[in-house]
Amino acid sequence: MSPTILTIIVSSLAAGTIITMTSHHWLMAWIGLEINTMAIIPIISSTHNPRSTEAATKYFLTQAAASATILFSSMINAWQTGTWDITNLSFLPSSILLTLALAMKLGLAPTHFWLPEVLQGSTLTSAMIITTWQKLAPMALIYLTINNLSTTVLMLMGLLSSIIGGWGGINQTQTRKIMAYSSIAHLGWMITISSIMTSIMIINLVVYLMMTTAVFLTLISSKSKTMQDTTTTWTLSPALTVMMAILLLSLGGLPPLTGFLPKWLILEELLTQNQAPIAIALALSSLLSLFFYLRLTYTTTLTLSPNTPQTTFKWRFKPHLLTTLTMITTMTSIFLLPMAPLITL
């Protein structure tokens, strides 16, 4: 892809998200989502093979259906209330349709089936964009309309997503599919807390974006597409191997690391609101996710690839990609827990 085309696509991608996040009119929000979808399609299908074309088609169909549902829900709301204001979503069928559409956009259960397939068909870089940047616009719409969405439906969808995200990832060997199920599980936690306290949802979203970006950047650096590929990471860089292992444990939410912060805050808030059964179910579902993170950590650090000749270290040329972003996201994804009192103020 030529630099000019890439610049246009990336700027359109950014512009679409920013338009949606800053709009108060439903039509502008919909336009932003459409620009965003149109910009990501060439990025997904840039490798020109049948798998990526299939992934781009699946992504387009699901996102177009979700955008159309958002437009339809806003139209019937405007028909009933006489206003196109995003925060004034008072008509019940509109809020139900919007919840369904945003769940489809984010990849929340039960409309999550497209996410693992699309990620598996695209490159690691495209997968990183889909699981991080593409979540911002729908989350912004949830934040704006949260007072009019059903708390029960959101909590049930969040709980179902965290269970399916943990269960689905257990049997996977492809790193992109593991990250897809990880994304579903994390979004489940966010949606569960969204109707109770939006500030914790935003903290969770920021931490999730940092951790997922860091993991994808390490996977891109080591070119690890399957679990077997991760066994040779140490030949590329032992430091990267250690960082990757700690990052995966942080994603799992183990206590001394950053990933524990959102889980801790969410469970604490749910218990404060007398939602102990949901808190227990979420905590148990996170054990399912932790299992496949631990398995990936084990293959990365404690196993060697079954090579007949002795494995030698690879030549350490200057990296093709800039490692500055990897370094910043990795450090924040590991060491941010002591900052919790400042973050939660």
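Residues numbered from 1 in each chain as written. Predicted model: local features only at pLDDT ≥ 70, side-chain atom pairs only at ≥ 80, totals over all residues. Heavy atoms only, no water.

**Some points on the packing of helix 8 (residues 151-170) against helix 9 (residues 175-194)**
Pairs of packed helices are described in terms of their axes, by the angle between the two and the distance that separates them.
Moving on, step 1. Relative orientation of the contacting elements helix 8 and helix 9 amounts to 160°, with a least axis distance of 7 Å. Taken together, the axes of helix 8 and helix 9 are roughly antiparallel relative to one another. The hand of the helix 8/helix 9 crossing is left-handed. Listed contacts from helix 9 to L154, M155, G158, L159, S161, S162, I164, G165, G166, G168 and G169 of helix 8 are I178, Y181, I184, A185, G188, W189, I191, T192 and S194.
Moving on, step 2. Each residue belonging to the contact of helix 8 with helix 9 can be placed in one class, and the counts come to 10 nonpolar, 10 polar and no charged. (Axes fitted to C-alpha atoms, helices over the stretch in contact; angles between N-to-C directions. Helix = DSSP H or I, 4+ residues; strand = E, 2+ residues; numbered from the N terminus. Parallel < 35°, antiparallel > 145°, perpendicular 65-115°, else oblique. Left-handed = near helix turned anticlockwise from the far one by under 90°. Contact = heavy atoms within 4.5 Å. Nonpolar A, V, L, I, M, F, W, Y, C, P; charged D, E, K, R; others polar.)

**With respect to the packing of helix 7 (residues 136-145) against helix 10 (residues 198-222)**
Moving on, step 1. At a minimum axis separation of 11 Å, helix 7 and helix 10 run at an interaxial angle of 175°. Classified by the angle their axes make, helix 7 and helix 10 are roughly antiparallel. Residue-level inspection shows L136, M139, I142 and Y143 of helix 7 in contact with helix 10, the latter providing T198, M201, I202, L205 and L209.
Moving on, step 2. Of the residues that constitute the contact of helix 7 with helix 10, the class distribution is eight nonpolar, one polar and no charged.

**What to know about the UniProt feature "transmembrane region" (unreviewed entry) in the protein**
Moving on, step 1. Per the UniProt record, the feature "transmembrane region" (unreviewed entry) sits at residues 59-79, 91-115, 152-171, 178-196, 202-221, 233-254, 274-294 and 321-343.
Moving on, step 2. Secondary structure within residues 152-171 divides into 95% helix and 0% strand; the distance between the first and last C-alpha atoms comes to 30 Å.
Moving on, step 3. As annotated, residues 233-254 comprises 86% helix and 0% strand, and the C-alpha atoms at either end are separated by 23 Å. (UniProt positions renumbered as here; feature names shortened; annotations may be inferred.)

**Regarding the pattern of salt bridges**
Moving on, step 1. Counting across every chain of the model gives three salt bridges.
Moving on, step 2. Here K58 and E54 are joined by a salt bridge, their closest N and O atoms 2.8 Å apart. Of this pair, K58 and E54 both sit in helix 3 (residues 50-81), separated by four residues, roughly a single helical turn.
Moving on, step 3. Classification of K58 as partly exposed rests on a relative accessible area of 28%.
Moving on, step 4. E117 is paired through a salt bridge with K58; the nearest N and O atoms lie 3.7 Å apart. With E117 in helix 5 (residues 114-121) and K58 in helix 3, this residue pair connects regions lying 59 residues apart in the sequence.
Moving on, step 5. For E117, a relative accessible area of 30% puts it in the partly exposed group.
Moving on, step 6. Salt bridges sharing common partners tie together E54, K58, E117 and K177. (Salt bridge = Lys/Arg side-chain N within 4 Å of Asp/Glu carboxyl O. Buried < 20%, exposed > 50% of the residue type's maximum accessible area, 1.4 Å probe, protein only.)

**So, the domain arrangement of the protein**
Moving on, step 1. By the assigned domains, the protein splits into domain 1 (1-144) and domain 2 (150-344).
Moving on, step 2. Inter-centroid distance (C-alpha atoms) of domain 1 to domain 2 is 23 Å.
Moving on, step 3. The partner domain 2 presents 33 residues to the 26 residues of domain 1 that form the contact.
Moving on, step 4. Summed over both partners, the interface of domain 1 with domain 2 comes to about 2,600 Å²; 80% of that surface belongs to carbon and sulfur atoms.
Moving on, step 5. When residues of domain 1 are sorted by the area they lose upon contact with domain 2, Q120, L124 and M139 head the list and together hold 25% of the total. (Domains from an automatic or database assignment. Buried area = accessible area lost by both parts, 1.4 Å probe.)

**A short note on the nonpolar core**
Among soluble globular proteins, nonpolar side chains are generally buried collectively.
Moving on, step 1. In terms of nonpolar packing, the biggest core is built from 87 residues, with I130 and M139 touching the most fellow members.
Moving on, step 2. It is helix 10 that contributes the most residues to this core, 15 residues altogether.
Moving on, step 3. When residues of this core are sorted by domain, at least three fall in each of domain 1 (1-144) and domain 2 (150-344).
Moving on, step 4. In this structure M139 touches L106, L187, M190, I191, M201 and L205, once residues within four positions along its chain are discounted. (Core = buried A, V, L, I, M, F, W, Y, C linked by side-chain atoms within 4.5 Å.)

**Topic: the environment of T241**
Moving on, step 1. Within the element layout of this structure, T241 appears in helix 12 (residues 238-252).
Moving on, step 2. Classification of T241 by relative accessible area gives buried; the value is 5%.
Moving on, step 3. Ignoring anything within four residues of it in the chain, the contact list for T241 reads T233, W234, T300 and T301.

**Details of unusual backbone geometry**
Moving on, step 1. Residue P110 is reached from A109 by a cis peptide bond, and omega for that bond is 5°.
Moving on, step 2. By secondary structure assignment, the location of P110 is in the loop between helix 4 (92-106) and helix 5.
Moving on, step 3. Of note in the backbone geometry, H48 takes a positive phi value of approximately 55° without being a glycine.
Moving on, step 4. Looking at the secondary structure, you find H48 in the loop between helix 2 (26-44) and helix 3.
Moving on, step 5. Despite not being glycine, N274 shows a phi value in the positive range, around 60°.
Moving on, step 6. Secondary-structure assignment places N274 in the loop between helix 13 (260-272) and helix 14 (276-301).

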